[in-house]
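What follows is each chain in one-letter form.
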Amino acid sequence: MTLFGGSARAPASDQRPPRSSRRKPVSLGFYIVAAMTVIVSFFPTVWIFLTSIKTEADIYAWPVQYLPDPVTLENYLDILNETPELLGYILNSFIVATTTTFVILACGGLAAYSLGRLTYRGRNFILILILAVSMFPPLALLPSLFNMFLELRMINTYSGLIIGHAGLYTPIAVWILTNFFKTVPHEIEDAARVDGASSLRIFWSIILPLSVPGLISTGLIVFIFSWNEFPLSLVLMSDNFMRTAPVGISLFPGEYSFPWEIITAATMLTILPILVISGVFQDRLIGGLTAGSGK
Amino acid sequence: MKYANRAGLTFLVPALLIIAFVLLFPIFQTIVLSFGRNSTSVFIGYEYAGLANYQRLLNTPRFITSLNNTILFTAVTVPIELVIGIGLALVLDRNFRGKGLVRMAVLFPWALPTALNALMWRWMFNTEFGLFNSMLSDIGLIADRINWLGAIPSAMHMMMFVSIWKTSSFMALLLLAGLQTIPDDLYEAGSVDGTTRLSEFRFITLPLLKPAILVSVLLRTMDAMRAFELPFNLTDGGPLTSTETLSLYAYRAIFQYVNFNLGSSAILIQFIIIMTISVFYILMIRRGEM
């Protein structure tokens, strides 16, 4: 079912030799399109940042004051002093997303090695089953998961939400990692087999070290998914102090008032890791995404 | 060389256990619950009600509205995202100075949490102090401030706009993967034959990109059909129920009206629609491959 064969080995990068049409220098119009893309993409975040460093009086002003004058960190300090639960949400998100990532890499990695490099009956069936269940809308899990977790006393626990996220994103991780593991040359594994190494040993000492880029890609993607996840986090963490950042911030306003000065500052803090990851690890992310969709 | 290996099956156990616990069993239970009455579990006090929930849903105007909203939302956003996505992918497929920044700009909207992004736009669309109204009145397009998210149908339009802004980039990344599998020789041959940019796109790029287009449209359609946190945080389904999606309707049936069975049926109807579209697309992809 390869649709874009070999895409796992060809992440978007500048290293490829230029094609004929690409050798032509890019035109001014091209740069205008590129610049527009950058502006449109960062525009909302820039505005939220500018709002977060304005005084309350400047935020609620008409005509809108475009640039902060004076610049103030008051809103960020207010989070620290008056609404520390917002920092708690971010900490919760961090605990859940980090642990989820490692759980998925461990379980999904083993499964992907098995599905990608070993042969046995039922292998394709399992791959397709994993893909099929991941097509179910996450909402379909909510009524059952909520009741199960209530019975098992796993509502409002880190382990509960971590298991939930791990289940949600293990399929995609298995798909991406299966593609990465397939690219490890078979000669190395063959040699180890001849020397009598077990499958677990080969996985640990050969496949994993040679797949570090793939593991990083998958780990980052899973981290972002878990960091951003909404429906499960909303339902499985109902206690105010256990909420993750996206849920906690969006429920923070309460019924009638919307304290935008606090919301924009908390939003900036929450999306900061995302901003850093998508800037620093863009090759890894794009490589992982294209490897996952290539099958 | 591949290895037939019993150990292979044991390696699957941890992943399959998690998937069974979080996905398989809950999905099974949701299906059973959708045929039940006053039941929250398949083990304790399950009461079979046949198709009663489904019949009730199809006679509930609010459900039909959410179904229509979801289909309209998907039908408008996905094609526009595809066109923008192809454009962005073509930009990223070329080499130029500052490419890293553009790539980050394409990646960033995809990586933002949808829920918080909805809040960001909600602030920008704010009636009294929003940037959107301010800029429009500065350039003289509007005289009075407009309540974009509080009116029908503009709330739906705004929701579509936010979705297109956020997910065109995802489309672009998937299409980029497709673009990069097009062999260089074809472009070389094309340039020998003296193709123009436009005919190169029409006769080389587009046909070879077709599988990637189908896959990305499929993934985006599935995603748009289950939009939840966008309406939840941007409009709360309002005004009235003009932006209430199927997922939001099901969520409210389950957790606000505490009717697990009705909510489960709503989700199942959503899933059947998604499945039908997916099978249709996969058949098209298969046919394209042969």
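Right above here is the structure, for reference.
Numbering of residues starts from 1 in each chain and follows the order in which that chain's sequence is written. Numbering of ligands from 1 and lettering of chains from A proceed in the order in which they are written. Whole-chain, interface and lining totals are the exception, using all residues; otherwise, since this is a predicted model, local features are given only for residues with pLDDT of at least 70 and side-chain atom pairs are given and counted only at 80 or more. Based on all heavy atoms of the structure, the side-chain values leave hydrogens and waters out of the count.

S.K.: Explain the overall build of chain A here, please?
M.R.: Only runs of H or I of at least four residues qualify as helices and only runs of E of at least two qualify as strands under DSSP, and these elements are numbered from the N terminus. Check the secondary structure of chain A and you find 15 helices and one strand. Accessibility here uses a 1.4 Å probe with only protein chains present; expressed as a share of the type maximum, an area under 20% marks a residue as buried, one over 50% as exposed, and anything in between as partly exposed. Burial statistics for chain A: of 295 residues in total, 59% are counted as buried. Exposure was quantified through the Shrake-Rupley algorithm and a 1.4 Å probe, taking into account, for residues, occlusion by the shown protein chains and nothing else. As displayed, chain A has an accessible area near 12200 Å², and 68% of this comes from carbon and sulfur atoms.

S.K.: How do you make sense of the pattern of salt bridges when you look at a structure like this?
M.R.: Side chains carrying opposite charge are able to pair once their charged atoms draw close together. When a carboxyl oxygen of Asp or Glu lies within 4 Å of a side-chain nitrogen of Lys or Arg, that pair is called a salt bridge. Counted under the stated rule, the structure contains 10 salt bridges over all chains. In this structure, B:Arg103 engages A:Asp283 in a salt bridge whose closest nitrogen and oxygen atoms are separated by 2.8 Å. Of this pair, B:Arg103 sits in helix H4 (residues 99–111) while A:Asp283 is found in helix H15 (residues 282–293), placing the two residues in two different chains. A relative accessible area of 4% means that B:Arg103 is categorised as buried. With relative accessibility at 37%, the residue A:Asp283 sits in the partly exposed group. Salt-bridge contacts for B:Asp236 lead to B:Arg252; the nearest nitrogen and oxygen are separated by 3.0 Å. One end of the pair, B:Asp236, is in the loop between helix H10 (229–234) and helix H11 (246–255); the other, B:Arg252, is in helix H11, with 16 residues separating them in the sequence. We classify B:Asp236 as partly exposed; its relative accessible area is 44%. For B:Arg252, a relative accessible area of 9% translates into the label buried.

S.K.: Just to check I follow, could you spell out a nonpolar patch on the surface for this structure?
M.R.: Residues and elements named next belong to chain A. Exposure above 30% relative accessible area and the absence of a salt bridge qualify a residue for a patch, where like charges join within 9 Å and nonpolar side chains (Val, Leu, Ile, Met, Phe, Trp, Tyr) within 5 Å. Together, Val-212, Ile-216, Leu-272, Val-276, Val-280 and Phe-281 line one region of the surface with nonpolar side chains, adding up to about 480 Å² of accessible area. Within the residue set of the nonpolar patch, elements represented by two or more residues are helix H11 (212–228) and helix H14 (260–280). No other element matches H14, which puts three residues into the nonpolar patch. Along the chain, the position of Val-212 falls in helix H11.

S.K.: Could you clarify how one ought to interpret helix H9 (residues 186–194) of chain A in this entry?
M.R.: Residue and element names in this part refer to chain A. Among the residues of H9, those classed as buried are Glu-189, Asp-190, Ala-192 and Arg-193. All buried residues of H9 project into a common sector of 165° when viewed along the axis, lining one side. What points out from H9, more than 90 degrees from its buried face, is the exposed set Glu-187 and Val-194. Gly-196 sits one or two residues past H9 and shows a positive phi near 90°. The directions considered for the arc run from the helix axis to the C-beta atoms.

S.K.: Hey, could you run me through the packing of aromatic side chains in this one?
M.R.: The description of an aromatic ring pair rests on the distance of the ring centres and on the angle between the ring planes. Two aromatic rings, drawn from Phe, Tyr or Trp (for Trp, its six-membered ring), form a pair once their centres lie within 6.5 Å of each other, and the interplanar angle then sorts them: stacked below 30 degrees, edge-to-face above 60, tilted otherwise. Using the criterion set out here, one finds 35 aromatic pairs over all chains in the structure. Ring geometry for A:Tyr60 versus B:Trp123: centroids 6.3 Å apart, planes at 75°, classification edge-to-face. In this pair, A:Tyr60 is assigned in the loop between helix H3 (56–59) and helix H4 (74–81) and B:Trp123 in helix H5 (residues 114–124), connecting two distinct chains. Taking the relative accessible area as the measure of exposure, B:Trp123 reaches 1% and is therefore buried. Ring pairs connect the aromatic residues A:Phe146, A:Phe230, B:Phe228, B:Phe232, B:Tyr251, B:Phe255 and B:Phe260, which therefore count as one cluster. Ring-over charges, as used throughout, are those where CZ of Arg or NZ of Lys falls within 6 Å of the ring centre and within 35 degrees of the ring normal. B:Arg145 extends its terminal NZ or CZ atom over the ring of A:Trp62, reaching a point 4.1 Å from the ring centre.

S.K.: Looking at this structure, I do not really get unusual backbone geometry. What am I missing?
M.R.: Comment: phi is negative for the bulk of residues other than glycine, and the bulk of peptide bonds are trans. Residue A:Pro70 is bonded to the preceding A:Asp69 through a cis peptide linkage, with omega at 5°. Checked against the element boundaries, A:Pro70 lands in the loop between H3 and H4. Here the residue pair B:Ile152 and B:Pro153 is connected by a cis peptide bond, since its omega of 5° sits within 30 degrees of zero. Mapped onto the elements, B:Pro153 comes out in the loop between helix H6 (131–138) and helix H7 (154–179). The phi torsion at A:Arg153 lies on the positive side, around 55°, for a residue other than glycine. Structurally, A:Arg153 can be placed in the loop between helix H7 (142–151) and helix H8 (158–182). One non-glycine residue with positive phi stands out, namely B:Asp236, at about 55°.

S.K.: I keep staring at the interface of chain A and chain B and nothing clicks. Help me out?
M.R.: Often the size quoted for an interface is simply the accessible area lost on bringing the parts together. Of the residues lining the interface, 119 residues belong to chain A; the matching set on chain B comes to 107 residues. Buried area: the accessible area, evaluated with a 1.4 Å probe, that two parts lose upon being put together, summed over both parts. Carbon and sulfur atoms supply 73% of the area buried between chain A and chain B, which totals about 10600 Å² over both sides. Connecting chain A to chain B are one salt bridge. Definition of a polar contact: a pair of N or O atoms within 3.5 Å, with one able to donate and the other able to accept a hydrogen when the atoms are protein atoms, and with sequence-neighbouring residues admitted only if both atoms are side-chain atoms. Inspection of the chain A/chain B interface yields 15 residue pairs in polar contact (both at pLDDT 80 or more). Ranked by residue count, the leading element in the side of chain A that touches chain B is helix H2 (residues 28–52) of chain A, at 15 residues. The residue makeup of the side of chain A that touches chain B, split by class, is 77 nonpolar, 30 polar and 12 charged. Any two residues whose heavy atoms approach within 4.5 Å are treated as being in contact. Each residue is assigned to one class: nonpolar for Ala, Val, Leu, Ile, Met, Phe, Trp, Tyr, Cys and Pro, charged for Asp, Glu, Lys and Arg, and polar for all the others, Gly among them.

S.K.: Sorry, what's going on with the packing of helix H6 (residues 123–133) of chain A against helix H1 (residues 6–33) of chain B here?
M.R.: Any two packed helices are characterised by the angle at which their axes cross and by the distance between the axes. Axis definition: a line fitted to C-alpha atoms, limited for helices to the stretch in contact. Angles are taken between N-to-C directions and run from 0 to 180 degrees. In contact at an axis separation of 11 Å, H6(A) and H1(B) are set at 40° when each is read in the N-to-C sense. As far as their axial angle goes, H1(B) and H6(A) are oblique. As for the relative orientation of H6(A) and H1(B), their crossing is left-handed in sense. On H1(B), the residues touching A:Ile126, A:Leu129, A:Ile130 and A:Val133 of H6(A) are B:Leu12, B:Leu16, B:Ile19, B:Leu23, B:Leu24 and B:Ile27. Per-class residue counts for the contact of H6(A) with H1(B) are 10 nonpolar, no polar and no charged. By the definition adopted for this analysis, an angle is roughly parallel if under 35 degrees, roughly antiparallel if over 145, roughly perpendicular if from 65 to 115, and oblique otherwise. Definitions for this section: a left-handed crossing has its near helix turned counterclockwise from the far helix by less than a right angle. A right-handed crossing has that turn clockwise.

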